[in-house]
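# A look at the structure
Residue strings, one per chain:
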Amino acid sequence: MMAQLGFNAGDYDPTDDFEPLPAGEYLTMITESTLENTKTGGRMVKLAYTVMEGQFEGRKLWSQHNIENRNPKAEEIGRKELSRIAHAIGQPMINDTDQLLQQIVRIRIVIKNDPGYGPKNEVKKWIGTGNNHPSYQQQAAVPQQQAPQQGTNRPPYQAPGGQQQAPAQQQPPAGHPAAQHNAPPWGAK
């Protein structure tokens, strides 16, 4: 007897999404942020990044950062990485993984050969974009048509020097995570 699938293979990209992206820098948004227990009794922050532009727009990349680990060096590395991420997104005081969500960050990735799984991407650097203000995030979520600017080769989210930006930048409201200044849970021991 024949079963109806209701599936059209043409609706899906047949390319293998697990091929690593070429090494380089990518503009991304942090779209997942969780705090999870490790197999050895520690804790780590896991992040997923979604590429926001270019040939690989929509692709995901991942990183994980030890914040509690039996190995003091692994813990130190993880905490330093989280510090780099926090500074890159303009929020040096993070006390909840949700504060990392929807943050825009440029990441530099390399291809690392994992003996068990083959080549994979690894995030090596987090670079601030200056675009983590709530009004920019709202604009990023709903792309708007903009007239091309004469004489610039910049994407529309980067304002060229000397030109006014609209709307005017504002400070985050008092309840916004960027306005909080509490120590992160992975801060002092």
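Preceding this paragraph is the structure being described.
What comes next concerns the included structure.

## Concerning the overall build of the chain
A count of helical and extended segments in the chain gives two helices and five strands. Along its sequence from the N terminus, the chain presents helices and strands in the succession β-β-β-α-β-β-α. Expressed as a percentage of contacts within the chain between residues at least 6 apart in sequence, the contacts between residues at least 24 apart total 52%. Within the structure as shown, the chain displays about 12,900 Å² of accessible surface, and the carbon and sulfur contribution to it stands at 51%.

## Focus: the sheet that holds strand E5 (residues 118–127)
Strand order in the open sheet made by the five strands is E3-E2-E1-E4-E5, with antiparallel pairing throughout. This sheet does not close on itself; its edge strands, each paired only once, are strand E3 (60–68) and E5. Shown here is a sheet whose adjacent strand axes are inclined to one another by a mean of 40°, direction ignored. As defined by bridge partners, strand E1 (residues 24–37) adjoins strand E4 (residues 104–114) across six bridges and the pair is classed as antiparallel. When the bridges of E4 are listed, tyrosine 26 appears paired with isoleucine 107. Along the sheet, helix H1 (residues 72–88) contacts E1, strand E2 (43–51), E3, E4 and E5; its crossing angle with E3, the most-contacted strand, is approximately 125°.

## Regarding the packing of aromatic side chains
Summed over the entire model, instances satisfying the criterion amount to one aromatic pair. Here tyrosine 26 and phenylalanine 56 contribute two aromatic rings whose centre-to-centre distance is 6.3 Å and whose plane-to-plane angle is 70°, an arrangement assigned as edge-to-face. You can see tyrosine 26 sitting in strand E1 and its partner phenylalanine 56 sitting in the loop between E2 and E3, a full 30 residues away along the chain. Comparing tyrosine 26 with phenylalanine 56, the two get one shared label, buried.

## A few points about the nonpolar core
If you look at the biggest cluster of nonpolar residues, it comprises 22 residues, and the most contacted ones within it are Tyr49, Ile85, Leu100, Val105, Ile107 and Trp126. At the level of elements, E1, E2, E3, H1, E4 and E5 are the ones that each hand at least two residues to this core. For tryptophan 126, the contacting residues outside a window of four places in its chain are Tyr49, His65, Glu81, Arg84, Ile85, Ala88, Val105, Arg106 and Ile107.

## Regarding the pattern of salt bridges
Overall, the coordinates contain eleven salt bridges when judged by the stated rule. Where glutamate 122 meets lysine 112, a salt bridge forms, and the shortest distance between an N and an O atom there is 3.4 Å. In this pair, glutamate 122 sits in strand E5 while lysine 112 sits in strand E4, placing the two residues ten residues apart along the sequence. Residue lysine 124 pairs with glutamate 122 through a salt bridge whose shortest N-O separation is 2.9 Å. Here the salt bridges do not stand alone but share partners, grouping Lys73, Glu76 and Lys80 into one network.

## Some remarks on the pairing of E4
Two faces make up the sheet, and in a regular strand the side chains alternate between them. Examined bridge by bridge, E4 and E5 share nine bridges and lie antiparallel to one another. Residue pairing across strands places valine 110 opposite glutamate 122, the latter belonging to E5. Taking the residues that link successive antiparallel strands as the turn, the E4-E5 hairpin has three residues.

What counts and what doesn't
- Residues numbered from 1 in each chain as written.
- Predicted model: local features only at pLDDT ≥ 70, side-chain atom pairs only at ≥ 80, totals over all residues.
- Heavy atoms only, no water.
- Helix = DSSP H or I, 4+ residues; strand = E, 2+ residues; numbered from the N terminus.
- Contact = heavy atoms within 4.5 Å.
- Areas by Shrake-Rupley, 256 points an atom, 1.4 Å probe, with all protein chains shown as cover.
- Pairing = 2+ DSSP bridges.
- Axes fitted to C-alpha atoms, helices over the stretch in contact; angles between N-to-C directions.
- Phe/Tyr/Trp six-rings, centres within 6.5 Å; stacked < 30°, edge-to-face > 60°.
- Buried < 20%, exposed > 50% of the residue type's maximum accessible area, 1.4 Å probe, protein only.
- Core = buried A, V, L, I, M, F, W, Y, C linked by side-chain atoms within 4.5 Å.
- Salt bridge = Lys/Arg side-chain N within 4 Å of Asp/Glu carboxyl O.

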